[in-house]
Amino acid sequence: MKERRATSRYNLALPVEIRLAPVLTALGPILVETRDISIHGFYFNIAQEFTVGITFEFSIVLAIEITGATQAYISGTARAVRVEETRESHSGRSGVGALIESYQVSRGESLKR
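1. Here we look at the pattern of salt bridges
Side chains that carry opposite charge are capable of pairing whenever their charged atoms lie near each other.
So, point 1. Scanning all chains against the criterion turns up 6 salt bridges.
So, point 2. Salt-bridge contacts for Glu57 lead to Arg19; the nearest nitrogen and oxygen are separated by 3.4 Å. Placement of the pair is Glu57 in strand 4 (residues 55–62) and Arg19 in strand 1 (residues 15–20), with a sequence separation of 38 residues.
So, point 3. Between Glu101 and Arg79 there is a salt bridge, with its nearest N and O atoms 2.7 Å apart. In this pair, Glu101 sits in strand 6 (residues 94–107) while Arg79 sits in strand 5 (residues 72–85), placing the two residues 22 residues apart along the sequence.
So, point 4. Taking the relative accessible area as the measure of exposure, Glu101 reaches 43% and is therefore partly exposed.

What follows is the structure, given as structure tokens:
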């Protein structure tokens, strides 16, 4: 199968806080971890039900080893473009490919709660 990605993906396990649309806020923030990330999106596994097209807010913590001495965060809005069963599916987990629609980078602040 030919690779269709326009940018490189990096296999990084970074902590992510997911916040769903206002209708689903009763769930509160969901903590997951990236499996890989690129400039346009990221992939993660999640136990909650996700559908293609769902839009959500995210905050990714960048490791100090990546950014230098100051903690940095990428926050923004993303949309699920792929939801699939994974090896972890037997435990109710799905893999989600997310397209980043907007983002901002901040340093030295904690995740929004």
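2. A closer look at the pairing of strand 3 (residues 41–46)
So, point 1. Most of strand 3 sits out of view: 6 of its 6 residues are buried.
So, point 2. Bridge count between strand 2 (residues 30–37) and strand 3: 3 bridges; the pairing is antiparallel. Counterpart to Ile37 in the pairing with strand 3 is Phe42.
So, point 3. Two strands pair when backbone bridges link them, and strand 3 and strand 6 are joined in this way by 6 bridges, in the antiparallel orientation. The residue of strand 6 that forms the bridge with Gly41 is Leu99.

3. Side note on the packing of aromatic side chains
Centre-to-centre distance and the angle between the planes together describe a pair of aromatic rings.
So, point 1. Inspection of the entire model under this criterion finds 6 aromatic pairs.
So, point 2. Between Phe42 and Phe56, the aromatic rings sit 6.4 Å apart at their centres with planes inclined by 85°, giving edge-to-face as the arrangement. Placement of Phe42 in strand 3 and of Phe56 in strand 4 is noted, with a sequence separation of 14 residues between them. Phe56 shares its class with Phe42; the two are buried.
So, point 3. An aromatic cluster is defined as three or more aromatic residues linked by ring pairs; in this entry it consists of Phe42, Phe44, Phe50, Phe56 and Phe58.
So, point 4. Over the ring of Tyr43 we find Arg35; its NZ or CZ atom is 3.8 Å from the centre of that ring.

4. Notes on the confidence of the model for the chain
So, point 1. Chain-level pLDDT for the chain is 83 on average; 80% of the residues reach the 70-or-more range.
So, point 2. Highest mean pLDDT in the chain belongs to strand 3 (95); lowest belongs to helix 1 (residues 64–67) (74).

5. Looking at the nonpolar core
So, point 1. Formed by 23 residues in total, the largest nonpolar core has its most connected members in Ile18, Phe42, Phe44, Phe50, Phe56, Phe58 and Ile60.
So, point 2. Elements represented by at least two residues in this core include exactly strand 1, strand 2, strand 3, strand 4, strand 5 and strand 6.
So, point 3. In contact with Ile18, not counting residues within four places along its chain, are Gly28, Pro29, Ile30, Val32, Phe44, Phe50, Phe56, Glu57 and Phe58.

6. Some thoughts on the environment of Gly95
So, point 1. By the element assignment, Gly95 lies in strand 6.
So, point 2. C-alpha separation for the pair Gly95 and Tyr43, spaced 52 residues apart in sequence, amounts to 7.0 Å.
So, point 3. Excluding anything up to four places from it in sequence, Gly95 contacts Tyr43, Phe44, Asn45, Arg82, Val83, Glu84 and Thr86.

Here is what the cut-offs are and how they apply
Residues numbered from 1 in each chain as written. Predicted model: local features only at pLDDT ≥ 70, side-chain atom pairs only at ≥ 80, totals over all residues. Heavy atoms only, no water. Salt bridge = Lys/Arg side-chain N within 4 Å of Asp/Glu carboxyl O. Helix = DSSP H or I, 4+ residues; strand = E, 2+ residues; numbered from the N terminus. Buried < 20%, exposed > 50% of the residue type's maximum accessible area, 1.4 Å probe, protein only. Pairing = 2+ DSSP bridges. Phe/Tyr/Trp six-rings, centres within 6.5 Å; stacked < 30°, edge-to-face > 60°. Lys NZ or Arg CZ within 6 Å of the ring centre and 35° of its normal. pLDDT = per-residue confidence, 0-100. Core = buried A, V, L, I, M, F, W, Y, C linked by side-chain atoms within 4.5 Å. Contact = heavy atoms within 4.5 Å.

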